[in-house]
Amino acid sequence: MKFQEVADLEKIHNRNLDISSYIVDDAHILIAGELKERNLITVFERSGETIDPQVFHHMKIQMLIRTAELKIVDLHVKFRVPP
(Lines give C-alpha, C1' and ligand atoms only; values in the text may rest on other atoms or scores of the structure.)
Protein backbone atom coordinates (compact mmCIF):
# COMPACT_ATOMS: atom_id res chain seq x y z
CA MET A 1 0.00 0.00 0.00
CA LYS A 2 1.22 3.47 -0.75
CA PHE A 3 0.98 6.31 1.75
CA GLN A 4 -2.53 7.73 1.45
CA GLU A 5 -3.53 11.36 1.76
CA VAL A 6 -6.26 11.56 4.42
CA ALA A 7 -7.49 15.12 3.89
CA ASP A 8 -10.42 13.96 1.74
CA LEU A 9 -11.36 10.91 3.85
CA GLU A 10 -14.04 10.80 6.55
CA LYS A 11 -12.46 10.56 10.00
CA ILE A 12 -14.42 8.14 12.21
CA HIS A 13 -12.32 7.92 15.40
CA ASN A 14 -9.76 10.05 17.17
CA ARG A 15 -7.37 9.42 20.07
CA ASN A 16 -5.19 12.26 21.36
CA LEU A 17 -2.36 11.85 23.83
CA ASP A 18 -0.65 14.98 25.10
CA ILE A 19 2.30 14.86 27.50
CA SER A 20 4.10 17.95 28.79
CA SER A 21 6.84 18.58 31.36
CA TYR A 22 7.13 21.60 33.66
CA ILE A 23 9.78 22.96 36.02
CA VAL A 24 8.17 23.26 39.47
CA ASP A 25 11.25 24.29 41.48
CA ASP A 26 14.96 23.46 41.67
CA ALA A 27 14.19 19.94 42.92
CA HIS A 28 11.05 18.91 41.02
CA ILE A 29 9.46 18.61 37.60
CA LEU A 30 5.81 17.94 36.86
CA ILE A 31 4.82 15.55 34.07
CA ALA A 32 1.23 16.13 32.94
CA GLY A 33 -0.55 13.83 30.52
CA GLU A 34 -4.01 13.75 28.98
CA LEU A 35 -5.71 11.05 26.91
CA LYS A 36 -8.92 11.85 25.07
CA GLU A 37 -10.61 9.34 22.79
CA ARG A 38 -13.79 9.89 20.79
CA ASN A 39 -15.97 8.36 18.14
CA LEU A 40 -16.78 10.84 15.40
CA ILE A 41 -19.62 8.81 13.86
CA THR A 42 -22.52 6.78 15.23
CA VAL A 43 -21.31 3.29 16.21
CA PHE A 44 -23.11 0.09 17.16
CA GLU A 45 -22.86 -1.95 20.35
CA ARG A 46 -22.84 -5.76 20.07
CA SER A 47 -26.48 -5.61 21.15
CA GLY A 48 -27.31 -3.47 18.10
CA GLU A 49 -27.85 -0.35 20.19
CA THR A 50 -26.49 2.81 18.57
CA ILE A 51 -24.12 5.22 20.28
CA ASP A 52 -23.96 8.78 19.05
CA PRO A 53 -20.58 10.44 18.47
CA GLN A 54 -19.01 11.21 21.82
CA VAL A 55 -15.90 11.31 23.96
CA PHE A 56 -15.67 7.89 25.61
CA HIS A 57 -12.31 8.17 27.36
CA HIS A 58 -10.93 11.32 28.93
CA MET A 59 -8.22 10.87 31.51
CA LYS A 60 -5.57 13.14 33.02
CA ILE A 61 -2.51 12.32 35.09
CA GLN A 62 0.07 14.46 36.88
CA MET A 63 3.29 13.07 38.34
CA LEU A 64 5.57 15.11 40.53
CA ILE A 65 9.16 13.92 40.05
CA ARG A 66 12.08 14.60 42.40
CA THR A 67 14.80 15.23 39.85
CA ALA A 68 17.81 14.17 41.95
CA GLU A 69 16.54 10.59 42.12
CA LEU A 70 14.06 10.59 39.22
CA LYS A 71 11.54 9.37 41.77
CA ILE A 72 7.75 9.89 41.64
CA VAL A 73 6.88 11.69 44.89
CA ASP A 74 3.22 12.50 44.16
CA LEU A 75 0.61 11.41 41.67
CA HIS A 76 -2.87 12.64 40.78
CA VAL A 77 -5.31 11.10 38.29
CA LYS A 78 -8.67 12.38 37.00
CA PHE A 79 -11.11 10.31 34.98
CA ARG A 80 -13.33 12.94 33.40
CA VAL A 81 -15.02 10.28 31.27
CA PRO A 82 -14.09 6.83 32.65
CA PRO A 83 -13.71 3.86 30.32
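Above this text sits the structure in question.
Residues numbered from 1 in each chain as written. Predicted model: local features only at pLDDT ≥ 70, side-chain atom pairs only at ≥ 80, totals over all residues. Heavy atoms only, no water.

Novice: So what's going on with the pattern of salt bridges? Which residues, and what values?
Specialist: Taken as a whole and judged by the stated rule, the model has two salt bridges. Its salt-bridge partner being glutamate 37, residue arginine 15 comes within 2.6 Å of it at the nearest N-O pair. Of the two residues, arginine 15 sits in strand S1 (residues 13–25) while glutamate 37 sits in strand S2 (residues 28–39), which places them 22 residues apart along the sequence. The exposure class assigned to arginine 15 is exposed, which follows from its relative accessible area of 53%. With a closest N to O distance of 2.9 Å, glutamate 69 and arginine 66 form a salt bridge. We classify glutamate 69 as partly exposed; its relative accessible area is 48%. (Salt bridge = Lys/Arg side-chain N within 4 Å of Asp/Glu carboxyl O. Helix = DSSP H or I, 4+ residues; strand = E, 2+ residues; numbered from the N terminus. Buried < 20%, exposed > 50% of the residue type's maximum accessible area, 1.4 Å probe, protein only.)

Bear in mind that shape data such as this cannot, by itself, settle questions of function.
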